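# Per-entry structural report
Chain by chain, the residues:
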Amino acid sequence: MDDAGTELADRVRALLMSEPGLEEKRMFGTRAFLLDGRILVGARKQGVLLVRVTEERGSALLTETGVAIAVMGAKTMGPSWLDVAATAIATDEDLMFWIDAARESAAA
């Protein structure tokens, strides 16, 4: 992972450190953060945030600036896997919006 991805992982970790059941793993070339065994978000190269949400929520969030369906290797994922550009998560408030979206979807 590059410096931007490492910095993003540090930011996510700081925001979620008190979350019970949080686990951090290296998966899909991403530093993934799991809650009770389910992927919430991941820090990717160039500071891109991988976000896992329901398909319905993902379809709605695709209208946000800097958001695209994630691509993993040669595979384009569906609307439940989103890449959020570093510019769209510049502040901790912006980043927390996406973490909360993933947390809400994981609870559904």
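None of these values were measured; they are calculated from a predicted model.

Conventions used here
- Along each chain, residues carry numbers from 1 onward, in the same order as the chain's sequence is written.
- Whole-chain, interface and lining totals are the exception, using all residues; otherwise, since this is a predicted model, local features are given only for residues with pLDDT of at least 70 and side-chain atom pairs are given and counted only at 80 or more.
- For the side-chain quantities, the full set of heavy atoms in the structure was used; hydrogens and water were omitted.
- Only protein chains enter the accessibility calculation, which uses a 1.4 Å probe; a residue whose area is less than 20% of its type maximum is buried, one above 50% is exposed, and one in between is partly exposed.
- Helix numbers and strand numbers start at the N terminus; a helix is a DSSP run of H or I with at least 4 residues, a strand a run of E with at least 2.
- Paired strands are those between which DSSP finds at least two bridges.
- Whether two residues are in contact is decided by their heavy atoms, any of which lying within 4.5 Å being enough.
- Note on definitions: salt bridges are taken to be side-chain nitrogens of Lys or Arg within 4 Å of carboxyl oxygens of Asp or Glu.

## Notes on the pairing of strand β3 (residues 38-43)
- With respect to burial, β3 is a largely interior element, 5 of its 6 residues being buried.
- Relative to β3, strand β2 (residues 30-35) runs antiparallel, the two being bridged by 5 bridges. Among the inter-strand pairings, Leu 35 is bridged to a residue of β3, identified as Arg 38.
- Here β2 folds back onto β3 in antiparallel fashion, the turn holding 2 residues, of which Asp 36 has a positive phi close to 50°.
- As judged from the 3 bridges shared by β3 and strand β4 (residues 49-52), these two strands associate in the antiparallel manner. Paired with Gly 42 across the bridge in β4 is Leu 50.
- As consecutive antiparallel partners, β3 and β4 are separated by 5 residues, and within that stretch Gln 46 has a phi angle of approximately 65°, a positive value.

## What about the side chain of Thr 30?
- With respect to the helices and strands, the residue Thr 30 is situated in strand β2.
- Residue Thr 30 is classed as buried on the basis of its relative accessible area, which comes to 2%.
- Among residues more than four places away in sequence, those in contact with Thr 30 are Met 1, Lys 25, Gly 42, Ala 43, Arg 44 and Leu 50.

## As for the pattern of salt bridges
- Under the counting rule described, the total for this entry stands at 8 salt bridges.
- In this structure, Lys 25 engages Glu 23 in a salt bridge whose closest nitrogen and oxygen atoms are separated by 3.6 Å.
- Within the structure, one salt-bridge network assembled from shared partners comprises Asp 10, Arg 13, Glu 24 and Arg 31.

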